[in-house]
Amino acid sequence: MAKHFLLLNLIAAVSFCCVVIAFEPSPLQDFCVADPASPAKVNGLACKDPKSVEAEDFFFSGLHLAGNTSNTFGSKVTPVNVAQIPGLNTLGISLVRVDYAPWGINPPHTHPRATEILTVLEGSLQVGFVTSNPENRLITKVLKKGDVFVFPIGLVHYQRNVGYGNAVAVAALSSQNPAKVNGLACKDPKSVEAEDFFFSGLHLSGNTSNTFGSKVTPVNVAQIPGLNTLGISLVRVDYAPWGINPPHTHPRATEILTVLEGSLQVGFVTSNPENRLITKVLKKGDTFVFPIGLVHYQRNVGYGNAVAVAALSSQNPGVISIANAVFGSEPAIATNVLAKAFQVEDTVVAQTQSKF
């Protein structure tokens, strides 16, 4: 009996482990040094023959060299990722050096697949990130030499040199899960009932009489407590004629959307440096996928109302509306930071911020 109990506990532990690391599977070998020449397509790069691996595959030199900040933003990011160190392939971590001219900025951006932890080597930096909708709260602080700051995965963030000399920072990027309860505390199983797994109302049309002409009705862990830890949720989106679900990201979920009524133009933008728009017009019954963390949108291209339902691969996917996060944060991101980022006059930024 004791052996059976031990076996059950072992199975439970293994199962729990697999759930926890489902977002980023552990490597299946000591290393998988990237082989860029291989035609194989995998989630990363194909592995080099381990017998031909050498120290150079895990090495990069040059991070002591200052980056050229004579550009529009007054900053330069020097990456050290799998492109520079093939041995990083599958290991889930990378590094960057960021140089800032006086009052230079690393403009608002996100990392869809990584949390960033940054330390200042020289100078003083004002840093900040914006929380998800609906708060869009700016968390900001001035850092000095030796200070460390974390930018959570997928959230819009930036840095600005607030000194009169050059500044330098080094940041590591990773996709490790936080070491806390990743969700909500569990209800006593004995008191669980059917209502904990139920929601009614997704047949009702959302009110689209707003600026964007759209309404998102979520069904996540806030509406169905039983979704906690289960990694999935649902939304209904209603669109008035030519209404939009404006550019946004989900920092914790991939989205798969199907059109129930009408026609939608949908699209997402790939990561830097390509920033390529992948777009298509969908009709009733069509399905489209928006990869985790990427900026995406939908627009009703018909003269009647449109309706879509989407599933998301998180119980609480989060929403970062780009315009709201950048121009409507509380407190506001400094006007001169945004003016430099978008290459417009301060007055244009102030006028835009006034709309949020």
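Description of the structure in this document. Here the residue numbering is sequential within each chain, running from 1 through the sequence in written order. For this predicted model, a pLDDT threshold of at least 70 governs which residues receive local features, and a threshold of 80 or more governs which side-chain atom pairs are given and counted, while totals over whole chains, interfaces and linings are taken from all residues. Note that the side-chain values use all heavy atoms of the structure and ignore hydrogens as well as water.

What follows covers the pattern of salt bridges. Just to be clear on terms, a salt bridge is a Lys or Arg side-chain nitrogen sitting within 4 Å of an Asp or Glu carboxyl oxygen. Evaluation of the coordinates by the stated rule reveals five salt bridges. The salt bridge involving Arg 97 is made with Asp 99; its shortest N-O contact spans 2.8 Å. The exposure class assigned to Arg 97 is buried, which follows from its relative accessible area of 9%. For Asp 238, the salt bridge goes to Arg 236, with nearest N and O atoms at 2.8 Å. For each residue, the accessible area found with a 1.4 Å probe, counting protein chains only, is set against the maximum for its type, and the residue is called buried under 20%, exposed over 50%, and partly exposed in between. For Asp 238, a relative accessible area of 5% puts it in the buried group. What makes Arg 236 buried here is its relative accessible area of 8%.

Classification of ring pairs uses Phe, Tyr and Trp, with its six-membered ring standing for Trp, and accepts pairs whose centres are within 6.5 Å; under 30 degrees between planes counts as stacked, over 60 as edge-to-face, and the remaining range as tilted. Considering all chains together, one arrives at eight aromatic pairs under this definition. A centroid spacing of 6.1 Å and a plane angle of 50 degrees characterise the contact between Phe 129 and Phe 149, whose relative ring orientation is tilted. Taken together, the residues Phe 129 in strand β5 (residues 125-130) and Phe 149 in strand β7 (residues 148-151) connect sequence positions 20 residues apart. Residues Phe 129 and Phe 149 agree in their burial class; the two are buried. With a centroid separation of 6.4 Å and an interplanar angle of 20 degrees, the aromatic rings of Phe 327 and Phe 356 are classed as stacked. Of the two residues, Phe 327 is situated in helix α2 (residues 322-327) and Phe 356 in the segment after α4 (346-353); the sequence distance between them amounts to 29 residues. For Phe 356, a relative accessible area of 40% gives the class partly exposed. Through a chain of ring-to-ring contacts, the aromatic side chains of Phe 129, Phe 149 and Phe 151 assemble into a single cluster. What counts as a helix is a DSSP run of H or I of at least four residues, what counts as a strand is a run of E of at least two, and both are numbered from the N terminus.

Regular strands show a simple pattern: their side chains alternate between the two faces of the sheet. Among the eight residues that make up strand β2 (residues 93-100), six are buried, leaving the element largely enclosed by the rest of the structure. Note: two strands are recorded as paired if DSSP finds a minimum of 2 bridges between them. Pairing geometry for strand β1 (residues 75-80) and β2, over six bridges, is antiparallel. In the strand pairing of β2, Val 77 is matched with Val 98.

With that settled, consider the packing of helix α3 (residues 335-342) against α4. For every element, the axis is a line fit to its C-alpha atoms; helices are fit only across the contacting stretch, and the angle between N-to-C directions ranges from 0 to 180 degrees. Contact geometry of α3 with α4 gives a least axis separation of 8 Å together with a crossing angle of 110 degrees. When the axes of α3 and α4 are compared, the pair comes out roughly perpendicular. The two elements α3 and α4 meet at a crossing, and its hand is right-handed. For the pair formed by α3 and α4, the contact residues are Thr 335, Asn 336, Leu 338 and Ala 339 on the first element and Asp 346, Val 349, Ala 350 and Gln 353 on the second. A class-by-class count of the residues in the contact of α3 with α4 yields four nonpolar, three polar and one charged. The scheme is simple: roughly parallel for angles under 35 degrees, roughly antiparallel for over 145, roughly perpendicular for 65 to 115, oblique for anything else. Handedness of a helix crossing follows the sense of rotation of the near helix relative to the far helix, less than a right angle counterclockwise being left-handed and clockwise being right-handed. In what follows, residue pairs with any heavy atoms lying within 4.5 Å of each other are defined as contacts. Ten residue types, Ala, Val, Leu, Ile, Met, Phe, Trp, Tyr, Cys and Pro, are classed as nonpolar, four, Asp, Glu, Lys and Arg, as charged, and the remainder, Gly among them, as polar.

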